[in-house]
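Architecture and fold: a report
These are the residues of each chain, in order.
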Amino acid sequence: MASRRDYYEVLEVSRDSSSEEIKKAYRRLAIQYHPDQNPDNREAEERFKELSEAYSVLSDTEKRRIFDQFGHAGLSGSGAGANGFDFGGSFADLFSDIFQDFFGAGRGSRRQRGIRGDDLRYRLDADFEEAVFGVHKEIRYPRLTECERCLGNGVEPGYTPVECQVCGGRGEVLYQQAFFTMSRTCPNCGGQGKIVENPCTGCRGDGRVRKERSLTVRIPPGVSDRTRLRIRGEGDGGIGGADPGDLFVEVHVRPHPFFLRESDDIICEIPIRMEVAAAGGTVHVPTLEGSRELKIPPGTQPGQVFHFKGQGVPRLNRNGKGDQYVRVQVEIPAKLSRRQKAILEEFSSESKPSSYRSVTEFSKKFSQYQKK
Ligand SMILES: [Zn+2]
Ligand SMILES: [Zn+2]
C-alpha cells in the first residue's frame, strides 16, 4: 500500500477543527468525489474511499484522540484498515443529511440533553531535547468521571427517578405565542424529563466523581515552548450522557545550557581563544546529536557566525530539519605573564598596516578629521 495521507490533510481541515467543521468538510468533498457523480473514474473512487476512511476516524472522538496522539500507527490492528470502511451512504443520503442540517428538521430527533464536560488544562514540563526529538510522557491529573455507584445517572441504587409532572417526561413544555405553538426546556426538570428524589450518595446526584486519570501523552518532535496539545475527550466527563470536555496539555520547555531556539533553528555561542581566531584551528561545538568539530579559519572575527545545515530541530508535522548557527566570541586574555607580554610586543612589531585594516582606516580618518 502506498504511504497513507494524514486524515486532516485528506479532509482539508486543520488539526483543531470542531466535529461540525469536519462533518461539513467531509460532506463537501464526498459530494464532489462520490462514485455516482464520477462514473468510471478510478481516481475519484480512490479519493472517495480515502475520504470515508478519514471521516470514520475523525468523526469518532476516541479514534480521533488516538490518531491525534499516535497517528496511523495507533489505529492499526483495531479494524481500521483502508478497506474496513463502507462507502458512507448513497449520494441521496448525503443530500438528505444536508437538508436536515440546514432546516433543523430532525426526524423524531430530540434536542441534545445534558451538559458537555469542562475542558481541562495541564502544564507539562519538558527538557529541551524532549521537545526537539519528541517523547511519550505519562501524566496524572484529577478529572470528573462517571460515578460508579449510580453509573452516571445520579440516582441512588435501588431507586428510580420519577417522571417530571410538568412536562410529562418530554423535557420540554409547549406554550402559545400569537398563533404559534412554541416549545422550551422544561423549567421543572431542566430538560431531563425526570426528577431525582433520592440522589446518589456517591456523587450527590451529579453523576460524576473526581478521580485521578493517568494518560500517556505523545509530544511530537519539534514542539516549541507553550505549544498546546489538544487531547479530545480527556477533560471532565459530561452530565446526562453529554460529551466529555477536552484536555489541553501546555508544553513548557526548559532552557538548554548551550542552545537557544529560533523556530526550527538552534543558535549557540562558543568562546574561542584569540590566537585560534587569528591563526585558525579546530574547536568542538555542541550539537543536538552530541558534538562536532568546527574548523576556525585564520582571521576569524568576533561575532562571526558558522552554519551547520540540517542540524536544527525537526520541523513539526513536516519533513526536514532547521539549521544550527554557531556564533563565536573571541576571548582576549585578561592577564598576561611577562613572557606572554614580550611575545605580543614582538608580534606587534611584525604587524603591517594591512594586518589591522579597521584600525589603520580609523587612524587615517581620525588624523584627517583633526587637521580640519
Ligand atoms: Zn453517583
Ligand atoms: Zn420536566
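Above this note sits the structure.
Below: a short report on this structure. (Residues numbered from 1 in each chain as written. Chains lettered and ligands numbered in written order. Predicted model: local features only at pLDDT ≥ 70, side-chain atom pairs only at ≥ 80, totals over all residues. Heavy atoms only, no water.)

Remarks on unusual backbone geometry
- Positive phi is not limited to glycine here, since Glu-12 has a value of about 55°.
- Relative to the helices and strands, Glu-12 is located in the loop between α1 (7–10) and α2 (19–33).
- Phi is positive for Ser-263, close to 55°, though the residue is something other than glycine.
- Mapped onto the fold, Ser-263 is located in the loop between β10 (259–262) and β11 (265–273).
- Residue Ser-263 is classed as exposed on the basis of its relative accessible area of 57%. (Helix = DSSP H or I, 4+ residues; strand = E, 2+ residues; numbered from the N terminus. Buried < 20%, exposed > 50% of the residue type's maximum accessible area, 1.4 Å probe, protein only.)

Topic: the packing of aromatic side chains
- Using the criterion set out here, one finds six aromatic pairs in the structure.
- Ring centres of Tyr-8 and Phe-67 lie 6.1 Å apart, and the angle between their planes is 35°; on these two criteria the pair is classed as tilted. Here the residue Tyr-8 occupies a position in helix α1, and Phe-67 occupies one in helix α4 (residues 61–70), the gap between them amounting to 59 residues. Phe-67 matches Tyr-8 in its accessibility class, with the two residues each being buried.
- Counting every residue linked through ring pairs, the aromatic cluster contains Tyr-7, Tyr-8 and Phe-67.
- The ring centre of Tyr-175 lies 5.3 Å from the NZ or CZ of Arg-184, which sits over that ring. (Phe/Tyr/Trp six-rings, centres within 6.5 Å; stacked < 30°, edge-to-face > 60°. Lys NZ or Arg CZ within 6 Å of the ring centre and 35° of its normal.)

Focus: the coordination of the zinc ion (ligand 1)
- Protein ligation of the zinc ion (ligand 1) involves Cys-147 (SG), Cys-150 (SG), Cys-200 (SG) and Cys-203 (SG), the donor distances falling in the range 2.3 to 2.4 Å.
- Sequence spacing of the donor residues for the zinc ion (ligand 1), all on one chain, is C-x2-C-x49-C-x2-C. In this pair, Cys-147 sits in the loop between β2 (135–146) and β3 (162–163) while Cys-200 sits in the loop between β6 (194–195) and β7 (208–219), placing the two residues 53 residues apart along the sequence. This pair shows no difference in class: Cys-147 is buried, exactly as Cys-200 is. (Donors = N, O, S within 2.8 Å, 3.2 Å for Na, K, Ca; no water.)

Digging into the sheet that holds strand β15 (residues 324–331)
- Within the open sheet, the four strands sit side by side as β10-β11-β15-β14. Their pairing is mixed. Only two strands of the sheet have a single neighbouring strand rather than two, namely β10 and β14 (305–308). Sheet twist, expressed as the mean angle between neighbouring strand axes with direction ignored, is 30°.
- Across eight bridges, the pairing between β11 and β15 is parallel. By the bridge assignment for β15, Ile-267 is matched with Tyr-325. (Pairing = 2+ DSSP bridges. Axes fitted to C-alpha atoms, helices over the stretch in contact; angles between N-to-C directions.)

Notes on the packing of α2 against helix α3 (residues 42–58)
- Remark: α2 packs on α3, axes separated minimally by 9 Å, with the N-to-C direction vectors making an angle of 165°. Taken as axis vectors, α2 and α3 run roughly antiparallel relative to one another. Where α2 crosses over α3, the two elements pack in a sense that is left-handed. Contact with α2, carried on its side by Ile-22, Lys-23, Tyr-26, Leu-29, Ala-30 and Tyr-33, involves Ala-44, Arg-47, Phe-48, Leu-51, Ser-52, Tyr-55 and Leu-58 of α3 and no other residues of that element. (Parallel < 35°, antiparallel > 145°, perpendicular 65-115°, else oblique. Left-handed = near helix turned anticlockwise from the far one by under 90°. Contact = heavy atoms within 4.5 Å.)

So far we have only geometry, and geometry alone does not tell us how the molecule works.
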